[in-house]
Amino acid sequence: MKPLRRGQGDQYLHRASQAYRAAVHRKIRAFHLHVQLGCFAQGLLQHLALNHTAQAWHCFRSWLRTMNPALPPSELVVSMALRQTLPEFFASAHIDPDLKKIRDSNADSAIGLHTEAWAA
């Protein structure tokens, strides 16, 4: 897309080429998908916080000054709990074979997530 400076006004897409219009539509679609994915992830974190409170607090392996396990955790607590238990989830022997293929093909040796170490 052509870079626009502040105050230059609108673009007139009806005067642009078909390829340029397609690129603009592609970019807008990418923005929409990004926002929708963020909303989906936020909703999933809220669902886990409200409906799986005890499990979220159990998997949260850190400390908060205002931590109250009697109340539902925040999205931050749930996301940290998910991040901390992800290696254990992938290490479990009861994982779907399709997920095993994805895990094995995307294992990054730089961060030490070797499948041999997970199997232990």
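Let me begin by describing the structure that accompanies this report. Fair warning: this is a prediction, and the values are worked out from it, not measured in the lab.

In terms of helices and strands, the protein carries five helices and zero strands. A burial count over the protein gives 17% of its 120 residues as buried. Partitioning the intrachain contacts of the protein with sequence separation of at least 6 by distance along the chain shows that 31% fall at a separation of at least 24. Of the roughly 9800 Å² that the protein leaves accessible, carbon and sulfur atoms contribute 59%.

A few words on the nonpolar core. In this structure, Trp 57, Cys 59, Phe 60, Val 77 and Ala 81 together form the largest nonpolar core, which totals five residues. Contributing elements (two or more residues each) for this core: α2 (53-59) and α3 (75-91). Residues within four places of Cys 59 in sequence aside, it is in contact with Ala 81, Gln 84 and Thr 85.

Before going further, it helps to examine helix α4 (residues 97-106). Among the ten residues that make up α4, one are buried, leaving the element largely open to the surroundings. The backbone nitrogen of Asp 98 has a side-chain oxygen 2.8 Å away, supplied by the residue at the start of α4, namely Asp 96.

The rules behind each value
Residues numbered from 1 in each chain as written. Predicted model: local features only at pLDDT ≥ 70, side-chain atom pairs only at ≥ 80, totals over all residues. Heavy atoms only, no water. Helix = DSSP H or I, 4+ residues; strand = E, 2+ residues; numbered from the N terminus. Buried < 20%, exposed > 50% of the residue type's maximum accessible area, 1.4 Å probe, protein only. Contact = heavy atoms within 4.5 Å. Areas by Shrake-Rupley, 256 points an atom, 1.4 Å probe, with all protein chains shown as cover. Core = buried A, V, L, I, M, F, W, Y, C linked by side-chain atoms within 4.5 Å. Polar contact = N/O pair within 3.5 Å; in protein donor to acceptor, adjacent residues only side chain to side chain.

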